[in-house]
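Working through the structure, step by step
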Amino acid sequence: MGSTGTVLRELRGAQKPSKGVSLYSRYVNRPAGRLLAAGAYRLGLTPNQVTATSAAFTFAAIAAVALLEPSWWLGVAVHAGLAVGFAFDSADGQLARLTGRGGPDGEWLDHVVDCAKMILVHSAVLISFHRFDGLPGEGWLLLPLGFLFVAVLTFCAGLLREQLGRAAARAAPVPAGAAAPASRVRAVALLPADYGVFCLVFLLLGAPGAFRAGYAALAAVHAVFLVAFLAKWFRELKTLRAG
């Protein structure tokens, strides 16, 4: 087993492409995940154990949103739990690529945890709104349901786009060098849709009005991105069929 520095260098060489990745994921979450993956490697953990660790941090933070009265300290704790869980979510894939111990079971488990956290985090906000918030009107209870719909549809449509794209690539491989380089402008534009940026809104839990406003703004942005992504993915798949 090599030194931590050696492991980190190997992990840097085993990163996913940066295309389609926001600045937060590229410069915050992936580097944090790389450190966690190096630590997990030194401890002899498997990628699935790292995924389980990610789930533990994430689901504990989500449970706190639903069960505890909103406050500033709770917001900090929830954000920390979600952010650490997100970093471990990056670490499991990096560890799998480093060790060659990844497989369909690990990929499946990772997607199950991702889907579960998307459903649960917005469900927890709905429960918190109902129990603690003193909403201006009951219509606000529809907001987490709408955000949940947008998040799950984006996740499922994007995952299906990825799988169909892989199948098409196996049938008709893309020539080497055909992939477009990562764009800094695109990385900035994708920031509002990044899960790590979404986690930041929980820092406002101590101010219910500000939290509602920030949560609603992110819901609107995610809805706009969903429309754009669906149109883009449909065009891409139609092009693959034509090819």
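Here the structure is a predicted model, which means the values were calculated and not measured.

Predicted coordinates in areas of low pLDDT are best not read in detail. Per-residue confidence for the protein gives a mean pLDDT of 87; residues scoring 70 or more make up 85%. For the protein, helix α1 (residues 4–12) is the element with the lowest average pLDDT, namely 62, and helix α3 (residues 47–67) is the one with the highest, namely 97.

Overall, the coordinates contain one cavity of 30 Å³ or more when judged by the stated rule. The space that makes up the largest cavity amounts to roughly 40 Å³. Lining the largest cavity, in full, are Pro 70, Ser 128, Phe 129, Asp 133, Leu 205, Pro 208 and Phe 211. Elements supplying a minimum of two residues to the lining of the largest cavity: α5 (104–133) and α9 (208–242).

Below, the discussion takes up the packing of helix α2 (residues 23–43) against helix α4 (residues 72–99). Where α2 contacts α4, the axes come no closer than 7 Å and their chain directions differ by 65°. Of the two elements, α2 crosses α4, and the hand of that crossing is right-handed. Along the contact surface, α2 presents Tyr 24, Ser 25, Asn 29, Arg 30, Ala 32, Gly 33, Arg 34, Leu 36, Ala 37, Ala 40 and Tyr 41, while α4 presents Ala 83, Val 84, Phe 86, Ala 87, Phe 88, Ser 90, Ala 91, Gln 94, Leu 95, Leu 98 and Thr 99. Grouping the constituent residues of the contact of α2 with α4 by class yields 14 nonpolar, six polar and two charged.

With that settled, consider the nonpolar core. If you look at the biggest cluster of nonpolar residues, it comprises 27 residues, and the most contacted ones within it are Val 78, Leu 82, Phe 198, Phe 202, Phe 211 and Tyr 215. Of all the elements in the fold, those that place two or more residues in this core are α3, α4, α5, α6 (142–171), α8 (195–200) and α9. Excluding residues that lie within four positions of it along the chain, Tyr 215 makes contacts with His 122, Val 125, Leu 143, Pro 144, Phe 147, Phe 198 and Val 201. Within the second largest apolar cluster, six residues are counted, among which are Ala 37, Val 50, Phe 88 and Leu 95.

Rules used throughout
- All chains use their own residue numbering, which begins from 1 and follows the written sequence.
- Two thresholds apply to this predicted model, a pLDDT of at least 70 for residue-level local features and 80 or more for giving and counting side-chain atom pairs, whereas whole-chain, interface and lining totals are computed over all residues.
- Hydrogens and water molecules were not included; the side-chain quantities draw on all heavy atoms of the structure.
- Per-residue confidence from the predictor is given as pLDDT, running between 0 and 100.
- Helix numbering and strand numbering both begin at the N terminus, where a helix is a DSSP run of H or I of at least 4 residues and a strand a DSSP run of E of at least 2.
- The pocket and cavity definitions rest on a 1 Å grid over protein atoms only: a 1.4 Å probe that fits but cannot leave marks a cavity, an open set with protein on both sides within 12 Å along at least five of seven lines marks a pocket, and residues lining either have an atom within 4 Å of a point.
- Grid points are joined across faces, edges and corners, and a volume is the space filled by probe spheres set on the points.
- A fitted line through C-alpha atoms represents every axis, and for helices the fit uses only the stretch in contact; the resulting angles, taken between N-to-C directions, go from 0 to 180 degrees.
- Helix crossings fall into two classes, left-handed where the near helix is turned counterclockwise from the far one by less than a right angle and right-handed where it is turned clockwise.
- Contacts between residues were defined by any pair of non-hydrogen atoms, one from each residue, lying within 4.5 Å.
- For this classification, Asp, Glu, Lys and Arg are treated as charged, while Ala, Val, Leu, Ile, Met, Phe, Trp, Tyr, Cys and Pro are nonpolar and the rest, including Gly, are polar.
- By nonpolar core is meant a set of buried Ala, Val, Leu, Ile, Met, Phe, Trp, Tyr and Cys residues that side-chain atoms within 4.5 Å join together.
- For the exposure calls, accessible area comes from a 1.4 Å probe over protein chains only, and a residue counts as buried if that area is under 20% of its type's maximum, exposed if over 50%, partly exposed in between.

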